[in-house]
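Fold and contact review
Here is what each chain is made of, one letter per residue.
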Amino acid sequence: SVAGYRALVQGLLAGVAAKGEFASALLAREPWDLFHCTFSESQCAGHQFWQFIVHRHPWNDHSATPDLREALLRIYQSIDEAVGRLVAAAGPDAEVLTVFSHGMVLYFDGPQLLPEFLVRLGLASGGNSAAGSRLRAWKTRITHLPRPVKKVIKRLAQSAIGGRAAAAAGCLVDPFESAQTRAGFVTNNRCGGIRLNLRGREPLGCIEPGDEADQVLAHVARELRALVNPANGKPIVADVFTARERFGACHHPDLPDLLCEFRTDAGMIEDCESPAVGRIHAPIYHPHSPRSGDHTPHSRVWMSGPLIDARHVANGGHVTDIAATVLAMLDVPVPAWIDGTALCHARTPRQDEGREQATEVSVR
């Protein structure tokens, strides 16, 4: 509601002010080797207020009052002022790294299509029967009900009878509660995540590691690439890759097995179709999470100080370089296993005498 948005703005502005005042006082209390402060208010503001600044956004309210249209700018300005005070308080000899984490753009989505997609492929706990389809549709409507009502219905769904019905329809809250589930959707923000019910890894695993798992992943990847927008016949998926392909054989076991990046140049993705799954519709808007902005896969980092190596920075960088850079600045040996490269010189008395111009680099 309008009142809710206004209350959110005031809360975020108050949070920035309190954090800036607290952090500045803490910074002045003693000489620090490393001081780190995060202003997460920019993330919340970007998610919730993007529709007020983008006129082509389908949720844009052209009659919105100036205080809402300018809310995002006001919050960004307040963070900018707080960061400025912190930089000034740190003094002229401080090395400063400011990371602007994985920016914000229109909320395009697409991952909300994946649960139904997996049911239609026959990989969920239940079949694609007419009764199951109706139950899945009812579940979506239930999530839009007031929260107290949802809690009561959720308790009923978790009963023995409700659980069996949800499993038969392929819409368990946790798809891995059933040994019939072969692959399940895992929440992973804008990059869709799919995880196999792998034997030996999951409590009720039914997919054998190795050839069987590889075949299932390859099948799902092919069908994801086959999804098109019914309105124009164009693909909705930009890229599909396994965790092993992107992060290596020793990646963390909690990562999704298959990840799917949806296109961001085709408007909001709420519909798809293919010969294998037919036509699927899953709306983006949800009253309990009305996001209008979402993250990009890119970050930016601003660095200043005598140790910053402009030659390294000019060649671009990666978000994993930040940890290595901070360790090098602290004269802490960078472990061989760590990802990333230090974007700074070694600390020497000669370099500490001067100060180089601030440098900015885009990192992914």
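Below, the structure is looked at part by part.

Rules behind the numbers
- Residues numbered from 1 in each chain as written.
- Predicted model: local features only at pLDDT ≥ 70, side-chain atom pairs only at ≥ 80, totals over all residues.
- Heavy atoms only, no water.
- Axes fitted to C-alpha atoms, helices over the stretch in contact; angles between N-to-C directions.
- Helix = DSSP H or I, 4+ residues; strand = E, 2+ residues; numbered from the N terminus.
- Parallel < 35°, antiparallel > 145°, perpendicular 65-115°, else oblique.
- Left-handed = near helix turned anticlockwise from the far one by under 90°.
- Contact = heavy atoms within 4.5 Å.
- Nonpolar A, V, L, I, M, F, W, Y, C, P; charged D, E, K, R; others polar.
- Patch = residues over 30% accessible without salt bridge, like charges linked within 9 Å, V, L, I, M, F, W, Y side chains within 5 Å.
- Areas by Shrake-Rupley, 256 points an atom, 1.4 Å probe, with all protein chains shown as cover.
- Salt bridge = Lys/Arg side-chain N within 4 Å of Asp/Glu carboxyl O.
- Buried < 20%, exposed > 50% of the residue type's maximum accessible area, 1.4 Å probe, protein only.
- Phe/Tyr/Trp six-rings, centres within 6.5 Å; stacked < 30°, edge-to-face > 60°.
- Lys NZ or Arg CZ within 6 Å of the ring centre and 35° of its normal.

Details of the packing of helix α6 (residues 130-142) against helix α8 (residues 160-169)
- Look at α6 against α8: their axes get within 8 Å of each other, and the N-to-C directions meet at 110°. If you check the angle between α6 and α8, you find them roughly perpendicular. Seen from above, α6 lies across α8 with left-handed handedness. In this structure, α6 contributes Gly132, Leu135 and Arg136 to the contact, and α8 contributes Ala165, Ala166 and Ala169.
- Among the residues making up the contact of α6 with α8, the classes are represented as 4 nonpolar, 1 polar and 1 charged.

Brief notes about a nonpolar patch on the surface
- Taken together, the side chains of Leu34, Leu330 and Val332 make up a nonpolar region of the molecular surface, amounting to roughly 220 Å² of accessible area.
- Along the chain, Leu34 turns up in the loop between α1 (2-29) and α2 (41-49).
- On the accessibility criterion, Leu34 (49% relative accessible area) is partly exposed.

Structural notes on the packing of aromatic side chains
- Summed over all chains, the structure comprises 4 aromatic pairs.
- When the ring of Tyr5 is compared with that of Phe52, the centres are 5.2 Å apart and the planes differ by 90°; the resulting orientation is edge-to-face. In this pair, Tyr5 sits in helix α1 while Phe52 sits in the loop between α2 and α3 (66-69), placing the two residues 47 residues apart along the sequence.
- Tyr5 gets classed as buried once you look at its relative accessible area, which sits at 17%.
- Here the aromatic rings of Trp32 and Phe35 are separated by 5.3 Å at their centres, their planes lie at 75°, and the arrangement is edge-to-face.
- Classification of Phe35 as partly exposed rests on a relative accessible area of 27%.
- Feature note: the residues Tyr5, Phe49 and Phe52 constitute an aromatic cluster, connected by ring pairs.
- The residue whose ring lies beneath Arg246 is Phe241, and the NZ or CZ to ring-centre distance is 3.7 Å.

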